[in-house]
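Observations on the three-dimensional arrangement
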Protein chains: 2
Amino acid sequence: MRDFSAGHELLSINTATVRKQWPLDRIIDECARRNVRAISPWRDQVATVGLAKIARQLKETGIVLSGYCRGGFFPAADAAGRLAALEDNRRAVDEALMLGAPCLVLVVGSLPGALTGSPAYCDISRARGEVRDGIGAALEYARQAGMPLAIEPLHPMQAADRACVNTLEQALDLCDELDRGGSGALGVAVDLYHVWWDPKLEAQIARAGTERLLAYHVSDWLLPTRDLLNDRGMMGDGVIELKKCRRWVEEAGFSGFSEVEIFSETWWQKPGGDVLDTCIERHMRVV
Amino acid sequence: MRDFSAGHELLSINTATVRKQWPLDRIIDECARRNVRAISPWRDQVATVGLAKIARQLKETGIVLSGYCRGGFFPAADAAGRLAALEDNRRAVDEALMLGAPCLVLVVGSLPGALTGSPAYCDISRARGEVRDGIGAALEYARQAGMPLAIEPLHPMQAADRACVNTLEQALDLCDELDRGGSGALGVAVDLYHVWWDPKLEAQIARAGTERLLAYHVSDWLLPTRDLLNDRGMMGDGVIELKKCRRWVEEAGFSGFSEVEIFSETWWQKPGGDVLDTCIERHMRVV
């Protein structure tokens, strides 16, 4: 297992972690100042500052991406919606290429309209079928572009509105169905916040292996958790066995960055510099 | 599939649904007044009124139990705690017998102390081992007493503090390990609120079959869900495919009551009679 205690060379900051404090260009500067070598930005953050400007800034600072957030949200109420989703995923692939991302992370979506409280239908099996078809279609484009797609299983508490892929096993079954050979074009993003509870986690991480493990995200599960979306904990403040899980991932062959992704109204209220400094300190001590 | 539209003979009310409005004796009277044939009471509600009094009242009203809530919470910080948990489970078995329950529902517990925010340890695998051993020990007593134990898989968002059995597959694996022959002494309680999201749900319900399906609970998953514990929806107000899931359960051989269990600060604020009337109406129309 790699030694994280002496430095933070393998730390990546998912830029949602300080999204309410700073725009993305400032986040990149603050990361560069702290010798953070990698980030994972969100499309809306990139769009606000400008894609070309962010690409240039990354080049200047030498900061690389550990992933690009995000593609997905494939299910739609009708054929026009599904086509629009596919086109949007192609644009996301293009942007990921521009920024030199190692993969495009997919939050696959679920019941169309559920995020606004009015789902067009409630058949989650149908949504899962649309997700399979949507990833399949996006994969054709992404494969030609040379941009790997990383399916992120989301916690079952987000199954209705954000992602109907909810276990690592289910994500890997999808990978095997759509990319039989394990070409490297399709894999998974393992975010411990979403999967830590799974009794099959260790076995499925081993099954994933180097070919499928494209990204690794850390945060922590708080007691109590007060919100289904924005109450993630800083590493060390919750119950997730971070070191044990990292050992599983590294034993399966993963050698990439460990990406901190914390959606938290609590941490979004703190000064951004304090948040980044805490991420670095916890990464060295408890991740 | 059984026809629920003409009456509510197959409805059971889990008495937590109106626990903040009324004590248990009043709940039983209100159920009897509405020709509700079955309830599933909680131990603390029984204790408040008195076990003998409740047993007598059930006999007088002819109301039967669809289950008794609950045993479980097996993991503990030390051996004395585990022994105390086992003794408490034996008392729960005795009470279930006194009340003529068809099964004792198990909420198995997880990291000891997590409910109060201070877990004695964070190793969920260890908790799962203690749960297996605890159920095994309780089963010896329950089997002799003739009281089936029903393992209830809880939603993964409650994995840290309430139950480390989080999928139907995991619960059935435990049943097969501890009760190889399918004797009827050990099975599962399928609460759709906890398992509706599971991509393997249909297959695992079929696997469970008549021998293992001891209880069936309904409510609904709201969009948005504002609390991890007490924001369940009334049937029909959320996204769970209630009729589809009931078909799966009945095709697997289940012929028992359909039990409404709604933990909801919203519904706890309404008059108890309105809640019961709504349960009956929804049960006939959407369950």
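Residues numbered from 1 in each chain as written. Chains lettered and ligands numbered in written order. Predicted model: local features only at pLDDT ≥ 70, side-chain atom pairs only at ≥ 80, totals over all residues.

Take the overall build of chain A next. Regarding its fold elements, chain A presents 11 helices and 9 strands. At 18 Å, chain A has a C-alpha radius of gyration in line with the 19 Å of a compact globule built from 287 residues. Buried positions account for 51% of the 287 residues belonging to chain A. Within chain A, counting contacts between residues at least 6 apart in sequence, those at least 24 apart form 78% of the total. (Helix = DSSP H or I, 4+ residues; strand = E, 2+ residues; numbered from the N terminus. Rg over C-alpha atoms; globule rule 2.2 N^0.38 Å. Buried ≥ 20, exposed ≤ 12 C-beta atoms within 10 Å, placed from the backbone. Contact = placed C-beta atoms within 7 Å.)

Position of Asp44 of chain A among the secondary structure elements: in helix α2 (residues 43–49). Between the alpha carbons of Asp44 of chain A and Met235 of chain A there is a distance of 25 Å; along the sequence they are 191 residues apart.

A separate point is helix α6 (residues 168–178) of chain A. Structurally, the α-helix is built with 3.6 residues per turn, so residues lying three or four positions apart point the same way. Three or more residues of α6 of chain A are buried, namely Leu168, Glu169, Ala171, Leu172, Leu174 and Cys175 of chain A. Among the structural elements, α5 (124–145), β6 (149–151), β7 (186–191), α7 (192–195) and α8 (201–212) of chain A are those in contact with the buried residues of α6 of chain A.

Next up on the list: the relation of the copies chain A and chain B. The two chain copies are connected by a rotation around an axis plus a translation along it. For the pair chain A and chain B, the relating rotation is 180°, the translation along its axis is 0.0 Å, and the fit reaches an RMSD of 0.0 Å. Taken together, the turn and the small shift mark the pair as related by a two-fold rotation axis. (Least-squares fit on C-alpha atoms with pLDDT ≥ 70 in both.)

Our next topic: the packing of helix α1 (residues 24–33) of chain B against helix α3 (residues 51–61) of chain B. Axis angle and axis distance: for two packed helices, these are the angle between their axes and the distance between the axes, and together they describe the pair. All names here are of chain B. Put simply, α1 and α3 touch, their axes get as near as 10 Å, and they point 5° apart. Between α1 and α3, the crossing angle belongs to the class labelled roughly parallel. For the pair α1 and α3, contact is made by Leu24, Asp25, Ile28 and Ala32 and by Lys53, Ile54, Gln57, Leu58 and Thr61, respectively. The class makeup of the residues in the contact of α1 with α3 is 5 nonpolar, 2 polar and 2 charged. (Axes fitted to C-alpha atoms, helices over the stretch in contact; angles between N-to-C directions. Parallel < 35°, antiparallel > 145°, perpendicular 65-115°, else oblique. Nonpolar A, V, L, I, M, F, W, Y, C, P; charged D, E, K, R; others polar.)

Let us look at the packing of helix α4 (residues 79–98) of chain B against helix α5 (residues 124–145) of chain B. Residue and element names in this part refer to chain B. For the pair α4 and α5, interaxial distance at closest approach is 10 Å and the crossing angle is 35°. Considering the relative orientation of α4 and α5, their crossing is right-handed. Here α4 contributes Arg82, Ala85, Leu86, Asn89, Arg90, Val93 and Leu97 to the contact with α5, which in turn contributes Glu130, Gly134, Ala137, Ala138, Tyr141, Ala142 and Ala145. Broken down by class, the residue content of the contact of α4 with α5 amounts to 9 nonpolar, 2 polar and 3 charged. (Left-handed = near helix turned anticlockwise from the far one by under 90°.)

Turning our attention to unusual backbone geometry. Residues and elements named next belong to chain A. Cis geometry marks the peptide bond from Cys69 to Arg70; its omega dihedral reads -5°. By the secondary structure assignment, Arg70 is in strand β4 (residues 68–72). Look at the link from Leu223 to Pro224: it is a cis peptide, with omega at -10°. Here Pro224 shows up in the loop between β8 (213–218) and α9 (242–251). A positive phi is found at Asn35, a non-glycine position, where the angle reads about 55°. Considering the arrangement of structural elements, one finds Asn35 in the loop between α1 (24–33) and β2 (38–40). With 13 C-beta atoms counted inside 10 Å, the residue Asn35 sits in the partly exposed group.

The next subject is the nonpolar core. Side chains that are nonpolar tend, in soluble globular proteins, to be buried together. Residues Leu104, Leu149 and Val188 of chain A together with Leu104, Leu149 and Val188 of chain B are the most contacted members of the largest nonpolar core, which totals 182 residues. Beyond its immediate stretch of four places on either side in the chain, Val188 of chain B contacts Ala150, Ile151, Leu168, Ala171, Leu172, Cys175, Ala208, Arg212, Leu213 and Leu214 of chain B. (Core = buried A, V, L, I, M, F, W, Y, C linked by C-beta atoms within 7 Å.)

What follows is about the confidence of the model for chain A. Considering every residue of chain A, the mean pLDDT works out to 98; 100% of them sit at 70 or more. Across the interface, the model reports ipTM at 0.97; the global pTM reads 0.98. (pLDDT = per-residue confidence, 0-100.)

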